[in-house]
Amino acid sequence: MSSDPLPKKELGAVKGTHDILPGEVEIWRKVEAEASGLFERYGYRELRAPIIEHTELFEKGTGETSDIVTKEMYTFVDKGGRSITLRPEYTPSVVRAIVEHRLDLLGTPMRYYYIGPMFRYDKPQKGRYRQFHQIDVEVFAEKDPAIDAEIIEMADTLLRSLGVTETETLINSVGCKACRPEFSKELRTHAEKVREGLCEDCRRKIETNPLRIFDRKVEACRGLAKDFPQITGFLCEECRDHFAKVRSFLDLTGVSYRVEPNLVRGLDYYTKTTFEVINLSGGQQNAVLGGGRYDNMMKDFGGPDICAIGFACGVERLIAMLSLQPDPRKFVYVVHAGDAAKAKAVELARMFRCGGVETLLEFAGRGFKSQFGRANKLGAAWVLIIGEDEVAKGEFLLKDMAAGTQIAGTPESLLASIVEGNKS
Ligand code: HAM
């Protein structure tokens, strides 16, 4: 290892990534606990897949014409010569895990969720990162439109339970293998007519996936796409019926939504229902959450023919909308002076911690008064005082910092009174 210090650039986090620091982590944990608690009440179970997968999984799953696969994947060749990718999304991993472990044969509900980091090499900006986190939910083997409505309602409930109100839910149907080709053909004809006005990316998409033109962030392309035909008029009977039923089930739940015929989403695999929740004051990166039905992925992977629907919520974007505060911590600060007291402090700190009480013990060699000052500054709920006299007597003092009162007792009795106080 070189003894040269790190250059300034390498001392910062990699571009597009960020640390989640103490103080912020508590908010993350609240969001994670709210989400997992809610999903479990809807019958979902956590499924944890690896961060790395074979590159082919995303090429096939996420789709070869998606921006994610064409431009944004973190792909490398490992020492065994395999092409490996840091997952840009979670959906293909869940499908792979089901097929690999034949979870479909267990007879249990196929409802899974996961919260973790994803990686996309995109241009970082506010709300868009290269390592970001998703709360991901997937349900399999339910083709009834009622489940589409239920999952949208669950997403809505998650946001409401966290106090988010400034959002709008958009829904659409992107059709299926039967009706989409006709629509794509029609779209191609229209896009060809305005080819000159489209950006280079969209011109390429005329051939590869013309639906994607609706998804463009380039203002000029979006403007031209406004006059393109809409998928609604091309849906086959089955898709039309499915979409109508999704809407009527959603109406039953009372979740408000708007049908947005141009909502196509940025991934190749969707069939029938797609949906997105947008932050109404979110600027450019305003999608908080997005998802839809993907009935063909498992079969396309070579697995059983099992339909699916899911969504993922961007945790950074969600947290940016929240006004949650971390809960104040209640902990004991142990002040000690002298070698015998220090040894006792070590012993009692262990005892209190084993008893379930957060206990802070520092060894900076400060004087008694300065340790009190520090306990105060850190916001300790109690101070446990250990001096030579206390050690000799086997009785210690516990100061309640908020009340300003002090009690004396054995370690066991003091611990019991803290535990009691914590309950109230
Ligand atoms: P997605 O729309 O690509 O869908 O991503 C879902 C959410 O992840 C977005 O709405 C956004 O909040 C967040 N997100 C995406 N990219 C970034 C980024 N670069 N920085 C910060 N946040 C970001 C999916 O990933 C699908 N797998 C969703 C799904 C699950 N569909 C069916 N099942």
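Everything discussed here concerns the structure shown above.
Residues numbered from 1 in each chain as written. Predicted model: local features only at pLDDT ≥ 70, side-chain atom pairs only at ≥ 80, totals over all residues. Heavy atoms only, no water.

What to know about unusual backbone geometry
Rules: Here a strand is any run of E in DSSP of at least two residues, a helix any run of H or I of at least four, and the numbering for each starts at the N terminus. We call a residue buried when its accessible area falls under 20% of the maximum for its residue type, exposed when it is over 50%, and partly exposed in between, using a 1.4 Å probe and counting protein chains only.
At R102, a residue that is not glycine, the phi angle is positive and equals roughly 45°. Assignment of secondary structure puts R102 in the loop between helix 5 (91-101) and strand 5 (111-119). Among the residues examined, R102 registers a relative accessible area of 36% and is labelled partly exposed. The phi dihedral of A141 falls on the positive side, at around 65°, and the residue is not glycine. Structurally, A141 is set in the loop between strand 6 (131-140) and helix 6 (145-161).

Focus: the packing of aromatic side chains
Stated precisely, the cut-off is as follows: Stacked, tilted and edge-to-face are the three classes assigned to paired rings of Phe, Tyr and Trp, where Trp is represented by its six-membered ring and a pair needs centres within 6.5 Å; plane angles under 30 degrees give stacked, over 60 edge-to-face, the rest tilted.
Counting across every chain of the model gives eleven aromatic pairs. Residues F140 and Y294 carry aromatic rings whose centres are separated by 6.2 Å and whose planes lie at 90° to one another, so their mutual orientation is edge-to-face. Placement of the pair is F140 in strand 6 and Y294 in the loop between strand 10 (287-293) and helix 11 (297-300), with a sequence separation of 154 residues. Ring centres 6.2 Å apart and planes at 70° place the aromatic pair F275 and F311 in the edge-to-face group. In this pair, F275 sits in strand 9 (residues 273-279) while F311 sits in strand 11 (residues 308-314), placing the two residues 36 residues apart along the sequence.

Remarks on the pairing of strand 14 (residues 382-386)
Cut-off, in case you're wondering: Only strands that DSSP links by at least two bridges are regarded as paired with each other.
Counting buried positions along strand 14 yields five of five residues, so the element is predominantly enclosed. A two-sided burial pattern is seen for strand 14, the buried positions comprising W382, L384 and I386 on one face and V383 and I385 on the other. Looking at chain direction, strand 12 (residues 332-336) and strand 14 are connected through five bridges and run parallel. If you follow V332 over to strand 14, its bridge partner there is W382. Relative to strand 15 (residues 396-400), strand 14 runs antiparallel, the two sharing four bridges. Each residue of the ladder has a partner; that of W382, found in strand 15, is D400.

Here's the deal with the pattern of salt bridges
In plain terms, the rule: Between Lys or Arg on one side and Asp or Glu on the other, a salt bridge is scored when a side-chain nitrogen of the former is within 4 Å of a carboxyl oxygen of the latter.
Inspection of the entire model under this criterion finds 31 salt bridges. Among the ionic pairs, R102 bridges to D104, the shortest N-O distance being 2.7 Å. On the basis of relative accessibility, which here comes to 18%, the residue D104 falls in the buried class. Members of the salt-bridge network, linked through shared partners, are D67, K71, D201, R204 and K205.

Digging into the pairing of strand 12
Quick reminder of the rule: Throughout, right-handed denotes a crossover for which the path from the first strand over the helix to the second runs clockwise when the strands point away from the viewer.
Burial runs high along strand 12: five of the five residues are buried. Side-chain alternation along strand 12 places V332, V334 and H336 on one buried face and Y333 and V335 on a second face that is also buried. Pairing between strand 12 and strand 13 (residues 359-361): three bridges, direction parallel. Residue pairing in the sheet places V334 in a bridge with L361 of strand 13. Where the polypeptide runs from strand 12 across helix 13 (residues 339-354) and back to strand 13, its parallel neighbour, the crossover connection is right-handed.

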